[in-house]
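Observations on chain architecture
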Amino acid sequence: MDITWSSVKSIIKKWKVYDPHKRTISTVEHGGGSILVWGCVSAAGPGSFVKVEGNTNAEKYHQILEDNLIQSARELRLGRRFIFQQDNDPKHTAKDAQKWFKDNKVNVLDWPSPRQKVNTFYRQCVLQDELNRKILDSLLDFTRKCSSARQHSDWASQMRANEIPTAALVLGVNVPDHDITFQSLSELLHQSVTPHVASVEAKECGALKHLMKRVLERLMDTVVDDDEEEETEHTSTQLHKSVNCSLSALCDWYITKTKRSSPAEHERQQQPPVVIIFKDLEAFNPRVLRDFILICSRYIERLPLMFIFGIATSPSTIQRMLPHSVSSLLCIELFQSLSCTQHLATVIDQLILTPQFPFKLNAKVMQVLLSIFLYHDFSVRNFIKGLQLALLEHFHSQPLSVLCCKKKEALLNVMQLSHRDLERIRQLPSFKRYVEKQESQEQVNLITDDSHLKETCRKMIKGLHKYHKNYYPILKCLHTLTSALPRYPLGKQIRELHLTCLEKNVWENEDYQSAMKLLKMLAKDDLIALLQRCGEILKPVKSKKMKSTAFQLEELLTKFKQLDSNEEDSITSPIKNLQKKTDLFQLQKTLLEMNETRRSKKLSPFEILRNEALEFIDSLVKSHLSPPESQTLHEVCYYSSSATVRRHLNATPRTSIQAALSSPYYYLQNENLKTEDGTVSNAAPDICIAYKLHLECGRLINLYDWLELISTNLHLFLSLSFSARFIRSVSELEFLGFIKSTKQKTDHVARLTWGGC
C-alpha cells in the first residue's frame, strides 16, 4: 500500500533549483526571497513540484489537485490503491476538495486533530521532563545562588569565591535517560539563568586539548583549529601560549559579551555564570579532568565558572578520580535524582493505570517491557518507546483499533463500521464466547443482522469503558491495603499487582488469601488509616458505582469511630504477645493457636466490623478486578503480540552471528554460497568453515588437527599463506567468544558454546 503525502509550503531565504529528469531539488543558499510551492512524495519517489502564484484558497487547491495529483500517481505507477495524506488546513478540508476526492475515488488518510495528538503522544514526551522537574528546579536555584554570592563582600563569600561552584548530579544507572535530563537542564539554564552553557562528553574529550576545544567552541560559537593548539604539553603555562584555544581568550570574549549586553549597568549587575556540564563524569580521563580544573581555578576571579557533574554511580567518584589538591578547589553540592524505579512508577500510573488513555497492554506485553527495564537498561525513556511501539503495532495490525479511542468517538465509529469490519468482530474470540452464551434467536441476529450487531457493539464498548473506569480505582485501593503487609504478599509495587490481575482472577491466588488473613489481624487505627486512604482514592472518580462505593466506605469508617471506648481498650493486636525476635515456625505456630482460640471465643464488635469491612473489599475485588479477557471486545483496546515487541526491542546479536556463520548466503546473497543440505560451501569465508567444523569437536580442540581438517575440506595444501588465514579465522572466533586459549595444553583451545548456542 503506497501513501502519497502533499503539502503547500512557503520557502524562505533559499532558492530551490528543480531538475525535471531526476525530480529532485538542490538548495542554493543566498539572500532573500520567498515562493509558494506544492509538491507530493511517496515511497516510489517524488511526484510533481509546482510553483503556486499568489495565495492559495479552496478553489486554487482544487485546481492544483486536478492538474497534478492523478498525473503524479500515473507517472509513479501507484495505480488506484494509493492513499493520499494531507493536513487539516481549511482549504484541504473544504467541500470542493472533498467532493473532488470522492469523484476521483482517491482514498484520503485522516489527519489526527491537534487535541488528539496532545492527549496521546504529547503526554508521553512531556512526562519525562516532569519526572526531573524538582531536581532541575533545585539546580537552577543553585546556579542563581552561586552567581549572586560572587557579589557579596563578606569574608565567607570571598573565601568561597576562590572555589569553583560544582553541582554533583547523581542520576543513577539509567544512562539512556541522561541525555534528556541534560538537554532539559541546558534549555532551562539558557532561558532563566545564563546564555553561556557548554555540555561535553568523555568520548569527545580524550585529551586536554580536545576538552578545551569543545568548551570554547560551544561557549563562543566559533571554530578552533587543532593546529593552533598545543599538541602534547598539559601544563597550564604552556597551554596559555596558545591564543585561540585558551581560557584567556575565553575571558576576553566573556568581558566583551557582558559589556556589550549592558554597558551602563555592567558594574552593579551580577554577571551571568559560565556553566560547563560534564555529562558522564566516570568516563572522563582523570588526568584530563584534573588538569582542566587546575587551569580553570587560575581564572576564577576573571571568569564566573560553574561545573555540573553528571554521576551515574556514587558521589564518592569525585574523590576517587581527583586528588585532594584538586577536589579542594571545588565547592561541591550534592543533588540526588529519584531512582529509575520511582520514575517508572510515575510513568505507569499516568500512562497505563488510567482510564483516560484507551490503549492498553495485556499481561505478556507488559511483562516484556518490565523485564527489559528491570534486567537490561533501567531506562524510562526506552520503556516509553516500547509503549509507543506497541501502540503503533496495535493500530497498524488491528483493523478494529478504530474503536480504541474516547467513548464518544468509539460509539460514533461503531455506526460507521463496514460489513467487512463487522465480520472481523464476529471472528473475535471474546465475541464468539459472548454469542455462545446467548439464546438461539439472539445468536442468529448477531451473526446475520449488521444493524443489530452495531447496537450490541455500542453496549459492549460502553461496558468496556465502564470496566476500565472501575478497575483502576479498586486496583489502587487493593494495593494500598496490601502493600504495607509483611513480606508484600501481592507485591510491593502496584505494577506487580496489576500483572497478577491481568493474568487471572486475583481472588483465586493463594497470595491474595494470605493477604486477606493478614488484614484480619490489623489493629483498629491501622485499618482505619488504610480505609481512609482508599476513600481518598475513590472520591475523585466520576463513576456512579465508585461514588456509591465511596459512600459505603464512609459509613464503615463512621461505624469504626463510633465504637465504645471500653471496647476500644479491650482491642489488642493478636501479635502483641509475640517475642520481638521469632522465627517463621514459631510465628506460624502462634498464629494457629490464636486461630483455634478465636473460633471458640466470641468475636468483639470491632472484629465483627473489621470482618464486614474486609468482606466489602473482597466483594469489590471480585466485581471489578476480573482479567480483561473476561470483557467482550477487549481485543480492540489491548495489544497482545509480545513476540513482536520482544523482537523489536530485545537485541539478539548472538543469534545473528550464528546465522551468518552457519549460513553466509543468508546475509551475503551470493549464489556460490547457496547450499541445500545445511552444509557450508567451500567458497564461504574461512571463519564460516572454521565455525562449522568446531561444532563437531569436543571441549578441547587441537589446533593442528583443526588446521588439517579445514585444509582437507578446502582441498588445499598446507602453506604459509593458508596457515595465516587459519590463524586469522581462529582469532576471529576467539574475539566473538566461541573459543578461548587454555593453559591445560598450549596447542589446544577450549570451546565455550554448546547445544547450538
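Residues numbered from 1 in each chain as written. Predicted model: local features only at pLDDT ≥ 70, side-chain atom pairs only at ≥ 80, totals over all residues. Heavy atoms only, no water.

The chain carries the name Origin recognition complex subunit 3 in an unreviewed UniProt entry, which gives Amphiprion ocellaris as its organism. Quoted straight from UniProt, the Subunit (unreviewed entry) entry for the chain says "Component of ORC, a complex composed of at least 6 subunits: ORC1, ORC2, ORC3, ORC4, ORC5 and ORC6. ORC is regulated in a cell-cycle dependent manner. It is sequentially assembled at the exit from anaphase of mitosis and disassembled as cells enter S phase." (UniProt positions renumbered as here; feature names shortened; annotations may be inferred.)

Right, let's talk about the sheet that holds strand E6 (residues 164-170) for a bit. A sheet is described by the order of its strands in space; here five strands give the open sequence E7-E8-E9-E6-E10, paired in parallel fashion. Looking at the sheet topology across the chains shown, the edges are occupied by strand E7 (197-200) and strand E10 (330-336). Pairwise comparison of adjacent strand axes, ignoring direction, gives a mean angle of 20° for this sheet. Relative to strand E8 (residues 274-278), E7 is paired through four bridges, and the arrangement is parallel. Opposite Ser-199, over in E8, you have Ile-277 as the bridge partner. Each of E7 and E8 touches helix H7 (residues 208-220); the most contacted strand, E7, lies at about 145° to it. (Pairing = 2+ DSSP bridges. Helix = DSSP H or I, 4+ residues; strand = E, 2+ residues; numbered from the N terminus. Axes fitted to C-alpha atoms, helices over the stretch in contact; angles between N-to-C directions. Contact = heavy atoms within 4.5 Å.)

A few words on the pattern of salt bridges. Counted by the stated rule, this structure contains 15 salt bridges. The residue Lys-539 makes a salt bridge to Glu-554 at a minimum N-O spacing of 4.0 Å. You can see Lys-539 sitting in the loop between helix H23 (524-538) and helix H24 (544-561) and its partner Glu-554 sitting in helix H24, a full 15 residues away along the chain. The exposed category is assigned to Lys-539, whose relative accessible area is 56%. Salt-bridge contacts for Glu-612 lead to Lys-559; the nearest nitrogen and oxygen are separated by 3.6 Å. One end of the pair, Glu-612, is in helix H27 (residues 605-624); the other, Lys-559, is in helix H24, with 53 residues separating them in the sequence. The exposure class of Glu-612 is partly exposed, given its relative accessible area of 36%. Overall, the relative accessible area of 41% leaves Lys-559 in the partly exposed class. Through salt bridges with shared partners, a single network forms among Glu-423, Arg-426 and Asp-450. (Salt bridge = Lys/Arg side-chain N within 4 Å of Asp/Glu carboxyl O. Buried < 20%, exposed > 50% of the residue type's maximum accessible area, 1.4 Å probe, protein only.)

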